[in-house]
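Read off the chains here:
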Amino acid sequence: MKRHYIIALCCAILMMGCTSEFQKVYKMSDNAYKYEYAKECFAMGKFQNAAVLLSEQVTLQKGRQNAQESLYLLAMAQYCNRDYEAASATFKKYFQSYPKGDYAEEACYHIGQALYQSVPEPRLDQTPTVGAINAYQNFLDYYPDSKYREDAQQRLFVLQDNLVKKEYLSAKLYYNLGGYFGNINANTESNYEACIITAQNALKTYPYTTMREDFSVLIMKSKYYLAENSSEEKKVERYRDAEDECYGFMNEFPESKEAKTAEKYIAKCKKYTSSN
């Protein structure tokens with residue numbers, strides 16, 4: 001126990017020493033020394049200290065030999081310090097300022113990387129996801145043969161899956177609400193109709209999604225319940241549409257666990273349409 005206390009005390013003393021050294025360097029007027037110290041902080045993994053010093057140096061180094069390096073190092077320090085919003089902005093600034101610069105490819109790539117780290121879960125607003133997708137696509141346009149190409153493409157697939165899941169959750173929400181507002185009529189847009197439209201649009205936008213069956217299930221079920229809850233003058237037409245949808249579903253997904261559901265819907269649709 002005593003040994004642990006001594007070790008902790010030594011660590012605290014070392015940290016205090018490092019902090020006091022940083023404060024001393026920060027107050028210096030020798031910018032050349034401060035710049036080298038900032039790079040040393042970065043190399044040692046002290047990214048917060050490096051970012052603080054480099055933020056000042058970026059302005060001072062502008063137009064000089066170290067201008068490119070200081071701006072890129074600032075972006076990397078922010079990125080490594082998990083300040084992703086600031087990092088993406090700084091990487092973007094570098095790429096716009098030095099499109100042919102020494103670190104242009106890395107900066108362009110890391111714009112997407114920084115945005116990727118801030119992507120929210122699918123149920124939340126996906127504006128950051130769209131931003132990350134655009135950044136990666138721009139990177140691939142600029143550097144189609146980059147060593148980062150495969151990684152960027154894999155990240156694009158993940159991000160696009162996020163957008164697909166967002167659409168699925170939206171469609172599923174409409175489906176779950178169902179006929180909450182009562183029977184459907186010509187003047188009321190139903191939740192089932194909204195589910196159908198959302199799911200169909202998602203399949204048009206993402207035709208190769210692995211969630212194709214999930215969307216198709218929602219469309220099939222929504223069309224059936226749309227018919228079931230319709231006014232009498234619309235029932236026949238909508239039951240026929242639901243029946244067609246069920247047949248289409250079974251043809252595309254013959255091994256689906258929802259195949260029996262489709263068969264049950266078909267039987268009910270036929271029963272109604274044959275008697276009307």
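For every chain, the first residue of the written sequence is number 1, and numbering continues from 1 along that sequence. With the structure being a predicted model, the display of local features is reserved for residues of pLDDT at least 70 and the display and counting of side-chain atom pairs for 80 or more, all residues being used for whole-chain, interface and lining totals. Excluding hydrogens and water, the side-chain values take into account all heavy atoms of the structure.

Student: What is the right way to look at the overall build of the protein in this model?
Tutor: Numbering of helices and strands runs from the N terminus; a helix is a DSSP stretch of H or I covering at least four residues, while a strand is a stretch of E covering at least two. Check the secondary structure of the protein and you find twelve helices and zero strands. Order of helices (α) and strands (β) in the protein, N terminus to C terminus: α-α-α-α-α-α-α-α-α-α-α-α. Summing over all exposed atoms, the protein offers an accessible surface of approximately 16,600 Å²; the carbon and sulfur share of this is 51%. To measure how exposed things are, a 1.4 Å probe is used in the Shrake-Rupley method; for residues, cover is taken only from the protein chains shown.

Student: Help me understand helix 5 (residues 84-97) in this model?
Tutor: Here the expected length of a helix is defined as 1.5 Å per residue gap, with one fewer gap than residues. The terminal C-alpha atoms of helix 5 lie 20 Å apart, and with 14 residues this matches the ideal 20 Å at 1.5 Å per residue to within 8%. Each residue's exposure class comes from its accessible area (1.4 Å probe, protein chains only) as a fraction of the maximum for that residue type: buried when under 20%, exposed when over 50%, partly exposed otherwise. Of all the residues in helix 5, the buried ones are Tyr 84, Ala 87, Ser 88, Thr 90, Phe 91, Tyr 94 and Phe 95. End-on, the buried residues of helix 5 take up no more than an arc of 165°, which puts them together on one face. Facing away from the buried surface of helix 5 by more than 90 degrees, the exposed residues are Glu 85 and Gln 96. Arc definition: it is the arc formed by the directions from the helix axis to the C-beta atoms.

Student: Hey, could you run me through the confidence of the model for the protein in this one?
Tutor: As a note on interpretation, predicted positions should not be read in detail where pLDDT is low. The predictor's confidence in any single residue is recorded as pLDDT, a number from 0 to 100. In the predicted model, the protein carries a mean pLDDT of 88, and 87% of its residues have values of at least 70. Residue range residues 1-18 is modelled with pLDDT below 50. Its contacts to residues more than four positions away, or to other chains, number two contacts. Between two residues, a contact is recorded if the distance between any of their heavy atoms is within 4.5 Å.

Student: Can you help me understand the packing of helix 5 against helix 6 (residues 104-117) in this one?
Tutor: A packed helix pair is summarised by two numbers, namely the angle formed by the two axes and the spacing between the axes. Taken N-terminus to C-terminus, the directions of helix 5 and helix 6 make an angle of 155°; their axes are 8 Å apart at the nearest point. Here helix 5 lies roughly antiparallel to helix 6, going by the angle between them. Like other packed secondary-structure pairs, helix 5 and helix 6 cross with a definite hand, here left-handed. Here Tyr 84, Ala 87, Ser 88, Phe 91, Lys 92, Tyr 94 and Phe 95 of helix 5 come into contact with helix 6, specifically with Ala 104, Ala 107, Cys 108, His 110, Ile 111, Ala 114, Leu 115 and Gln 117. Classes in brief: Ala, Val, Leu, Ile, Met, Phe, Trp, Tyr, Cys and Pro nonpolar; Asp, Glu, Lys and Arg charged; the others, Gly included, polar. Of the residues belonging to the contact of helix 5 with helix 6, the class tally is eleven nonpolar, three polar and one charged. Here, axes are lines fitted to C-alpha atoms. For helices the fit covers the stretch in contact, and angles between N-to-C directions go from 0 to 180 degrees. Any angle that is under 35 degrees is reported as roughly parallel, and any over 145 degrees as roughly antiparallel; angles of 65 to 115 degrees are reported as roughly perpendicular and all others as oblique. Each crossing gets its hand from how the near helix is turned against the far one by less than a right angle, where anticlockwise is left-handed and clockwise is right-handed.

Student: Mind showing me how you'd approach the environment of Asp 102 here?
Tutor: Among the structural elements, Asp 102 can be located in the loop between helix 5 and helix 6. Here Asp 102 falls in the exposed class, since its relative accessible area comes to 62%. Sequence spacing of Asp 102 and Gln 68 is 34 residues, and the spatial spacing of their C-alpha atoms is 7.6 Å. Leave out the neighbours within four places in its chain, and Asp 102 touches Gln 68 and Tyr 94.

Student: Hey, could you run me through the packing of aromatic side chains in this one?
Tutor: Think of a pair of aromatic rings as described by two things: how far the centres are apart, and how the planes are tilted against each other in angle. Ring pairs are drawn from Phe, Tyr and Trp, using the six-membered ring of Trp, whenever the two centres fall within 6.5 Å, and their geometry is named by plane angle: stacked under 30 degrees, edge-to-face over 60, tilted for the rest. Taken as a whole and judged by the stated rule, the model has 26 aromatic pairs. Consider the rings of Phe 42 and Phe 47, whose centres lie 5.4 Å apart with planes at 70°: the pair is edge-to-face. Judged by its relative accessible area of 21%, Phe 47 is partly exposed. Joined through ring pairs, the aromatic side chains of Tyr 72, Tyr 79, Tyr 84, Phe 91, Tyr 94, Tyr 98 and Tyr 103 make up one cluster. The cationic tip of Arg 155 hangs over the ring face of Tyr 116; the distance from NZ or CZ to the ring centre is 4.2 Å. Any Lys NZ or Arg CZ found within 6 Å of a ring centre and within 35 degrees of that ring's normal is scored as a charge over the ring.

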